[in-house]
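A look at the structure
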Amino acid sequence: MNAAQRVAWLRAEITRHNEAYFVHDAPVIPDADYDALVRELRTLEAEHPEFADANSVSQRVGAPSSNVFAPVRHDEPLQSLDNVFDDAELRAWAQRCANALGLEAESLSFVVEPKIDGLALSITYVNGEMVQAATRGDGIVGEDVTDNVRTIHNVPATLASAPEGRLAVRGEVFLAKEDFDALNAHQRARGEREFANPRNGAAGSLRQKDPAVSASRPLSFLAYQLVDIGDQLAFTWYHESIDQLARWGFLTAGESTREHGVPAMLARSRWFEEHRHDLVYQIDGAVIKVDELALRARLGSTSRAPRWAIARKFPPEERTTRLVAIEVSIGRTGRATPYAVLEPVVIAGSTVALATLHNQDQVAAKDVRPGDLVIVRKAGDVIPEIVAAVAEPNRHRAPPWEFPATCPVCGHPLTRGADESDTYCLNPRCPARVREQLIHFASRGALDIEGLGEQRVGQLLDVGLVHDVADLFSLRVEDLAPLEGFGDLSATGLVRQIAASTSAPLSRLLVALGIRHVGPVAARELARHFGTYEALARASLEELETVEGVGPVIALSVFTYVRLDDTVQRMARLADVGFSMREPEGTARAATLAGRAVVVTGALTGFTRDEAEAAVVARGGTSPGSVSTRTYCVVVGESPGASKVTRARELGVPLVDGTHFEELLRTGTWTTTLA
Ligand code: IVH
């Protein structure tokens, strides 16, 4: 393709994406890929002035409005923002501002604020009364969404002692992360399509024909611009206008700060990047604005964006890649989890080759198929996931992927309960399950058998020495010593460790057995209530339900588990090798963390995130999602979130190594901290 063809192709492609994004609220590529197309087009247009076209999509903002809502001509156009992607580009922007003003860059003051990933809205007030609200549209003409906006809780209908005449308040309509999760849970429960991200959720919720539907959605509005038509308020600084908006009752960004000079401004923009996951809204960058309004007026605007503001876009957490295959893994409870095998892509600094698809319904809802181009997201310390497939109109797709009817490991039929979203392999002898069970059985959160990790479990299974957890207890030194990587010493050590685990209290054994839905908290309550395994195994469903923290789901799971033939045999064998199977008096858990906030980041061995939080709560503590000055300590597991660790360091909150989590639970304190 030559440059002219490439320009034509880029213009067509960008137009197509604009329409998908702005008109249908259904983007087909991640924002970062879109930005790359626009950048490429602008670069080519700059290099080849002969292709210049005032109507090029590179010169316009957004897409023309659809015809569902009445068109509204904005009093003043809604501009967009130019983007920069790193310190050097941001510094260059500040220098350009300074040069244009004939000032030193160091003398400039900036406001640095979050770039909220929602959709722009302009609300017009006349004599302090809200009269109209409109979306951006193409920047000149937007859509009238007044009735819907009247239902947004933090949009004031009247402004106390507002000046006479017209003014416009502009800002972003968004869904807070928590509200987005709740909305999707609601959509799921009603069998309706989930939204791919908070921005789509907000757009879909605002552009509803029926205001009652908008009203039922938890939309918020954050104000970041006061267009003072007629200039009656005569502010000197932008930040004063924001303070005025806050006095009128608008939500404004609490994280916004005023910074003097370039280094402080750069540092604050990086702060937003580090803390992006700690904010209540989804952000895709920071916005940096010259604070002094007189300087802004002198800087002016280009056709699409002001020169006095810039967006620093963060590295994308979403990327497109090719989906090679969909496979299913079997966990220790037999749960069958579909996952995507991907052509590896680097996202936010790490290579992603696998991504979860959660369950059968998720694959169906997203309709991803082998061979598809897919959007992959990796945000913070969460497991990478597939967001959606990218539409490729001219590509022939594979038929819809079907969830296997049988276990890919053992061939046993897979079962899905009536109101469950998960599918299970119920064969207790399934090699995948046995392997995961053994690993779990020996893990730190369970029986903590030192020297029996993933690798050795694999080895014991491969040579056929072990088929079930109960087999561990008949292992002899002479069986192990000849194996690769073992010697007399380590064989003796392991046999001893295994034998020592038989004195573990019942609560730990219950955790180790890996009964579905039974985590450390429920295990402890059950063990304390019944005292012995025998009593637990005899308990009726009703009695199980009377145990604190045990609801019908856990009760049924335990009731069923203890009656399985396989369990009966296993427990008999464990009793034979002298397993204690009782909860000694006095293991009642003390409130070791009473009133303390323990933040957990990264993966902890033997605990899922929920279990870790429950364990803290069970000891009287709380486990909030973010670090503050009130945080007691931050427990750092595998692949921790960088922002939580950095924040803890900034605030002087102790960092506790994840391998000491149990010590923390037991004693309420720790012996060593991380640097
Ligand atoms: S100021 C004339 N501030 O980002 C300046 N925009 O990519 C207009 N956005 O159109 C925008 N957070 O929809 C501004 N703190 C913020 C923002 C923000 C999000 C959106 C807004 C804008 C788009 C540009």
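Now for a look at the structure at hand.

Calculation rules
- Numbers given for residues are sequential positions, taken from 1 along each chain in its written order.
- Totals for whole chains, interfaces and linings use every residue, but because this is a predicted model, local features are given only for residues with pLDDT of at least 70 and side-chain atom pairs only at 80 or more, for both listing and counting.
- Note: side-chain values were computed over all heavy atoms of the structure, leaving out hydrogens and water.
- The method works on a 1 Å grid over the protein atoms by themselves. A cavity is a set of points holding a 1.4 Å probe that cannot get out, a pocket is an open set with protein on both sides within 12 Å along at least five of seven lines, and residues with an atom within 4 Å of a point line them.
- Grid points are joined across faces, edges and corners, and a volume is the space filled by probe spheres set on the points.
- Think of it this way: any DSSP run of H or I at least four residues long counts as a helix, any run of E at least two long counts as a strand, and we number them from the N terminus.
- Amino acids outside the nonpolar list (Ala, Val, Leu, Ile, Met, Phe, Trp, Tyr, Cys, Pro) and the charged list (Asp, Glu, Lys, Arg) are all regarded as polar, and Gly is one of them.
- In protein, a polar contact requires one atom able to donate a hydrogen and another able to accept it; more generally it is a pair of N or O atoms within 3.5 Å, and residues adjacent in sequence count only if both atoms are side-chain atoms.
- Here, two residues are considered to be in contact whenever any of their heavy atoms come within 4.5 Å of each other.
- We call a residue near a given molecule or strand whenever any one of its heavy atoms falls within 4 Å of it.
- To measure how exposed things are, a 1.4 Å probe is used in the Shrake-Rupley method; for residues, cover is taken only from the protein chains shown.
- Strands are labelled as partners when DSSP assigns at least two bridges between them.
- Only the stretch in contact is used when fitting a helix axis, every axis being a line fitted to C-alpha atoms; angles between N-to-C directions are given from 0 to 180 degrees.
- Stacked, tilted and edge-to-face are the three classes applied to pairs of Phe, Tyr and Trp rings, where Trp contributes its six-membered ring and a pair requires centres within 6.5 Å; stacked means planes under 30 degrees apart, edge-to-face means over 60, and tilted covers the rest.
- A simple rule labels every residue: compare its accessible area, found with a 1.4 Å probe on the protein chains alone, to the largest value its type can have, and call it buried under 20%, exposed over 50%, or partly exposed in between.
- Only when the NZ of Lys or the CZ of Arg is both within 6 Å of the ring centre and within 35 degrees of the ring normal is a charge said to sit over the ring.

Bringing empty space enclosed by the protein into the picture now. Here the idea is plain: a probe the size of a water molecule rolls over the atoms and shows the empty space left. Applying the stated rule across the entire model yields 3 cavities of 30 Å³ or more. Along its surface, the largest cavity is lined by Val72, Arg73, His74, Asp75, Ser122, Thr124, Gln132, Ala133, Ala134, Arg166, Ala168 and Arg170. Contributions of two or more residues to the lining of the largest cavity are made by strand E1 (71-73), strand E4 (119-126), strand E5 (129-135) and strand E7 (166-174). For the lining of the largest cavity, the class distribution of residues is 4 nonpolar, 4 polar and 4 charged.

The topology assignment puts Arg369 in the loop between helix H11 (360-366) and strand E15 (373-377). At 2.9 Å, the side chain of Arg369 and the backbone oxygen of Ala398 are in polar contact. Dropping the residues within four chain positions of it, Arg369 is found in contact with Leu323, Arg397, Ala398, Pro399, Pro400 and Trp401.

Take the site of the ligand next. The immediate surroundings of the ligand are formed by 16 residues, with Glu113, Lys115, Glu172, Tyr224 and Lys289 found nearest. Contacts to the ligand include Arg136, whose side-chain N or O atom sits 3.0 Å from an oxygen atom. Contact distances for the ligand include 3.2 Å between an oxygen atom and a side-chain N or O atom of Tyr224. Relative to its unbound accessible surface of 520 Å², the ligand loses 92% to contact with the protein. Ranked by the residues each element gives to the shell around the ligand, the list is headed by strand E3 (residues 109-116), at 4 residues. Considered class by class, the residues forming the shell around the ligand number 8 nonpolar, 3 polar and 5 charged.

The strand order across the open sheet formed by 5 strands is E2-E11-E10-E3-E9, and the pairing between neighbours is mixed. Each edge of the open sheet is held by one strand with a lone partner, namely strand E2 (83-84) and strand E9 (257-260). Examined bridge by bridge, E2 and strand E11 (residues 309-313) share 2 bridges and lie parallel to one another. Directly across from Val84, in E11, lies its bridge partner Arg312. Across the sheet, helix H9 (residues 262-274) lies against E3, E9, strand E10 (283-290) and E11, angled at about 15° from E3, the strand it touches most.

Throughout the structure, instances matching the rule amount to 10 aromatic pairs. Aromatic pair Phe607 and Phe661: ring centres 5.0 Å apart, planes at 85°, arrangement edge-to-face. Remark: Phe661 occurs in helix H24 (residues 661-667) and Phe607 occurs in the loop between strand E19 (597-601) and helix H22 (609-618); sequence separation between them is 54 residues. The residues Phe607 and Phe661 share a single accessibility class, namely buried. Here the aromatic residues Tyr125, Phe221 and Phe250 are joined through ring pairs into a cluster of three or more. Against the face of Trp271 rests Arg268, its NZ or CZ located 3.9 Å from the ring centre. Taking the ring centre of Tyr238 as reference, the NZ or CZ of Arg296 above it sits at 4.3 Å.

On their own, these measurements won't tell you what the molecule is for.
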